[in-house]
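# Analysis of the macromolecular model
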Amino acid sequence: MASLSPTSAPAGATAAALDALIDLGLTEAAVRREAFAIYEALPAPKSPGGKWKHDLRKLDLGNLTVSPAPILALAEPLTVPGAIVCDFATARRDHAEIFGPAYDRALANETKFGALTRAFAPDGLFISIAEGVRLAEPIRIGIVAIEGEDALPYVIVVAGARSQVEIIEMAGGDTGGRLVCAATEIVAGDDARVSYSILQQYGPQTKTIATRRAIVGHNAEVHVAFAAIGAQLCVEDIAERAVEAGAGARLTGLFFANADQHVDLVTDLLHVVGSTTSDTVVKGVAGDRAQARFLGNIKIAAHAHGSDATLRDDSLLLSPQAHIDSVPALEISANDVKAFHGATVGALDDENLFYIMSRGLDRTTAERLVTLGFLEPAIARFPSEAVREHLRSALGAKLG
Amino acid sequence: MSERGLRISGLRVAVEGKEILKGIDLVVEPGRVAALMGPNGSGKSTLAFTMSGHPKYEVLGGSVTLDGEEILGQAPDKRARAGLFLSFQYPAAIPGVSVANFIRSARMAVKPGDLPPKQFRQLVFDKLDTLDMDPAFLGRYVNDGFSGGEKKRLEMLQLAILQPKYAVLDETDSGLDVDALQAVGTSVNALRASDEGKDTGFLIITHYPRILAHVPADVVHIMMDGRIVKTGGPELANEIEREGYDRIREEVAGGVA
């Protein structure tokens, strides 16, 4: 790990700043420079336009000050034979045969901001589960954003054949207007079971942009479940690729935006070969003047016959000023596939509220019940009861 | 004004500018069963919704007092906490909210803190048993994907758990098969026989007299075109069973002429 302090760290998302950081001791110079070139070459995602207030093309990273602190931390140490959880430096030294190929996949480079993370992240967290190892308890990761610093959490997960792991990422802290630019890469081997849950509860000034990539192997299952509660701007770009027969990709997205929050969620489920399944559920709520966009893509490649894809997204608007754009896109280039898409956008239903109030519950409580109920099918998909309870109480608290 | 009972006087109500109730006077006494019968479109459900405070119903005049307290103008939840319960003809579905969570929240709202969780659970299981309902019901989302009969059973479960002072049953018998109707009757009678429910006054709104075979009415009111046109004893329901509403309609028309 490079020994940087924020005061000595060069600022700005520039080649000069990266060079200076490399001079200060960042390793993997060539990989970082390649990633930075990709960052510079890729255009920023287009904003939806119209009344959308945030525009990633205008994001000013002139003051990017990389947090050197261990922003990734394990809630509790893990001592299970066959399970490795360590920083990249340790992984590179002690587990090069597993870490090397995973790191070289460079999945983060698929997006502009993922490439930025790969270029500038001082270190990362590597999780590797050996063949046949099934963890009974989840691995909990905490991402704590620190005031005055930009955080670049980079996580790589390698699940060996027939392994099983549940990872829970709890992200919080108030960075006072700074950026959290995250990248998560998951590779699941044959018959592996991986779930990766993200609970995003940053403070109201934080901007967060995350890239999540998963490769799902033969008869393997990966479930990425994402809940956005905090942050001023939350961009999530999640892609899962079913690359071998029998692969199952699950994706759950949940967001509740209010005040002036913005959520921009992009999901891509890619059926690279046939006899693969994908299942996406997104439930979004927007209140006050919040804005959200959901781009839900399913791509079934040519010859990926026998693929089965479902995409379900529902939006609930709590105020006339709130706005959610839901844009599903199914691109199907194979025959003999099953693809389902269903979407709704609605407001709170007066008859529902009246029914609940007629049972003695006041309007605020009735609205909270209906809203939490609306989100419940997404909450229910999070794999552990502790996370589901945490979510219900965090959402309930936000609903007042 | 401190007289007990659910007292409706001179109630006039419009929906979307059209006067539907044209001066209703009706009293539901504690511990008694009043039936309100009438053909479709006579205004029965309007009366039920108005009493419960549905915002769509505009009160043009009159009053509704619950044990002496005026409830018109109060929010629906306040009326419920005052002791009024409406069993809906078409109960709303609340996806994502379990029956268990909903009835617990409702009980806490109308009778705050009166039952420890263990006793509450016992009460729920007793009532499920009375209604011949599977406890698996508790884990389902409120009315979501319920059959007509299941919805009415859930209304009766809520009635039994909330133990209101006055219960308005709006067409609870409509669309029910014989078994479900029997379960409704058993549930209402069980509540009336209990200490908590012996003083509950009922207003049973129905088109058909068949529910009154299970829950006998003390008094029967006939409503037509927004007015109570006839009031009598239980025999009035039998008369409608035999002859329908036409004879009463003629009788009323004759009386006016």
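Treat the numbers as computed from the prediction; the structure is a model and nothing was measured.

As a further point, take the overall build of chain B. When helices and strands are counted, chain B shows eight helices and 12 strands. Its C-alpha atoms give chain B a radius of gyration of 18 Å, near enough to 18 Å, the size a compact globule of 257 residues would have. Projected onto its principal axes, the C-alpha coordinates of chain B cover approximately 60 × 40 × 35 Å. Within the span of chain B, comprising 257 residues, buried residues form 44% of the whole. Taking all contacts inside chain B whose residues are at least 6 apart in sequence as the whole, residues at least 24 apart take part in 73%.

Assigned secondary structure in chain A consists of eight helices and 18 strands. Taking 400 residues into account, the globule formula puts the C-alpha radius of gyration at 21 Å, and chain A, at 21 Å, falls close to it. Summarising its shape, the C-alpha atoms of chain A cover approximately 65 × 50 × 40 Å along the three principal directions. The buried share of chain A, reckoned over its 400 residues, is 51%. For chain A, long-range pairs separated by at least 24 residues make up 81% of all intrachain contacts whose partners lie at least 6 apart in sequence.

The next subject is the nonpolar core. Counting 197 residues, the largest nonpolar core has V157(A), A188(A), A35(B) and I204(B) as the members making the most contacts within it. Looking at this core, you find at least three residues from each of domain 1 (1–29 + 36–80 + 217–257) and domain 2 (83–214) of chain B. With near-sequence residues (within four places) excluded, A188(A) lies in contact with A159(A), V194(A), A214(A), I215(A), V216(A), G217(A), A220(A) and V222(A).

It is worth spelling out the interface of chain B and chain A at this point. Opposite the 20 residues of chain B that make contact, chain A presents 19 residues. When residues of the side of chain B that touches chain A are traced back to their parent elements, those giving at least two are helix 2 (76–82), strand 7 (94–98) and helix 3 (99–110) of chain B. Within the side of chain B that touches chain A, the residues separate by chemical class into 13 nonpolar, five polar and two charged.

Now for the pairing of strand 1 (residues 6–15) of chain B. Residue and element names in this part refer to chain B. With eight bridges connecting them, strand 1 and strand 2 (residues 18–28) associate as antiparallel partners. Following the sheet pairing, L11 is matched in strand 2 by I24. Adjacent in sequence and paired antiparallel, strand 1 and strand 2 are bridged by two residues, among which E16 carries a positive phi angle near 45°. Note that strand 1 and strand 4 (residues 57–66) share eight bridges and pair antiparallel. Bridging across to strand 4, S9 finds its partner in S63.

The subject of this paragraph is the sheet that holds strand 4 of chain B. All names here are of chain B. Read from one edge to the other, the open sheet built from four strands follows the order 2-1-4-5, with strand pairing classed as antiparallel. Only two strands of the sheet have a single neighbouring strand rather than two, namely strand 2 and strand 5 (69–70). Sheet analysis places strand 4 next to strand 5, joined by two bridges and oriented antiparallel. By the bridge assignment, L66 is partnered in strand 5 with E69. Against the sheet, helix 1 (residues 44–52) makes contact with strand 1, strand 2 and strand 4, and its axis sits at roughly 70° relative to strand 4, the strand it touches most.

We now examine the sheet that holds strand 2 (residues 83–87) of chain A. Residue and element names in this part refer to chain A. With mixed pairing, the nine strands of this open sheet are ordered in space as 2-3-5-7-9-11-13-15-17. Two strands lie at the open edges of the sheet, namely strand 2 and strand 17 (323–332), each paired on one side alone. Looking at each pair of strands side by side, their axes are set apart by 5° on average, direction ignored. Relative to strand 15 (residues 291–300), strand 13 (residues 262–271) runs parallel, the two sharing 10 bridges. Across the sheet, the residue bridging to L265 is F294, located in strand 15. Against the sheet, helix 4 (residues 96–105) contacts strand 3 (125–129), strand 5 (154–159) and strand 7 (179–188), and its axis sits at roughly 120° relative to strand 5. Relative to strand 7, helix 5 (residues 112–120) is tilted by about 90°, and along the sheet it contacts strand 5, strand 7 and strand 9 (207–216).

It is worth spelling out the packing of helix 5 (residues 148–162) of chain B against helix 6 (residues 178–193) of chain B at this point. Residues and elements named next belong to chain B. Axis separation between helix 5 and helix 6 bottoms out at 10 Å; the angle between their running directions is 5°. Comparing their axes, helix 6 and helix 5 come out roughly parallel. Residue-level contacts link G149, K152, R153, M156, L159 and A160 of helix 5 to A180, A183, V184, S187 and L191 of helix 6.

Here we take up the domain arrangement of chain B. Residues and elements named next belong to chain B. Along its sequence, chain B is organised into domain 1 (1–29 + 36–80 + 217–257) and domain 2 (83–214). Look at where the C-alpha atoms of domain 1 and domain 2 centre, and you get two points 23 Å apart. Opposite the 23 residues of domain 1 that make contact, domain 2 presents 19 residues. Elements represented by at least two residues in the side of domain 1 that touches domain 2 include exactly strand 3 (33–37), helix 1, helix 2 and helix 7 (235–243). When residues in the side of domain 1 that touches domain 2 are grouped by element, the largest group, five residues, is from helix 1.

Here we take up helix 1 (residues 15–23) of chain A. Residues spaced three or four apart along an α-helix face the same direction, because each turn holds 3.6 residues. All names here are of chain A. Buried within helix 1 are the following residues: A17, L18 and L21. Seen along its axis, helix 1 keeps its buried residues to an arc of 100°; they face one direction. Away from the buried face of helix 1 by more than 90 degrees, exposed residues A16 and D23 are located. Structurally, helix 1 contributes buried residues whose contacts are with helix 2 (29–41) and helix 5. Positioned one or two residues after helix 1, G25 has a phi angle of 125°, which is positive.

Turning next to unusual backbone geometry. The residue R162(A) is not glycine, and still its phi comes out positive at about 60°. The topology assignment puts R162(A) in the loop between strand 5 and strand 6 (164–173).

Before going further, it helps to spend a moment on helix 3 of chain B. Residue and element names in this part refer to chain B. Counted at 1.5 Å a residue, the expected span for helix 3 with its 12 residues is 16 Å, and the 16 Å between its end C-alpha atoms agrees. For helix 3, the full list of buried residues reads V99, F102, I103, A106, R107 and V110. Down the axis of helix 3, the buried set is contained in an arc of 125°. They therefore lie on one face.

All names here are of chain A. With six of six residues buried, strand 5 is to be regarded as a mostly interior element. Two elements, strand 5 and strand 7, share six bridges in a ladder whose sense is parallel. Among the inter-strand pairings, V158 is bridged to a residue of strand 7, identified as V187.

Residue and element names in this part refer to chain B. At a closest axis distance of 10 Å, the pairing of helix 4 (residues 117–130) and helix 5 adopts a crossing angle of 140°. When the interaxial angle is binned, helix 4 and helix 5 end up oblique. As helix 4 packs across helix 5, the resulting crossing turns out to be right-handed. Contacts from L123, V124, K127, L128 and T130 in helix 4 reach L157, A160 and I161 in helix 5. When its residues are assigned to classes, the contact of helix 4 with helix 5 shows six nonpolar, one polar and one charged.

What counts and how
Residues numbered from 1 in each chain as written. Chains lettered and ligands numbered in written order. Predicted model: local features only at pLDDT ≥ 70, side-chain atom pairs only at ≥ 80, totals over all residues. Helix = DSSP H or I, 4+ residues; strand = E, 2+ residues; numbered from the N terminus. Rg over C-alpha atoms; globule rule 2.2 N^0.38 Å. Buried ≥ 20, exposed ≤ 12 C-beta atoms within 10 Å, placed from the backbone. Contact = placed C-beta atoms within 7 Å. Core = buried A, V, L, I, M, F, W, Y, C linked by C-beta atoms within 7 Å. Domains from an automatic or database assignment. Nonpolar A, V, L, I, M, F, W, Y, C, P; charged D, E, K, R; others polar. Pairing = 2+ DSSP bridges. Axes fitted to C-alpha atoms, helices over the stretch in contact; angles between N-to-C directions. Parallel < 35°, antiparallel > 145°, perpendicular 65-115°, else oblique. Arc of directions from axis to C-beta. Expected span 1.5 Å × (residues − 1). Left-handed = near helix turned anticlockwise from the far one by under 90°.

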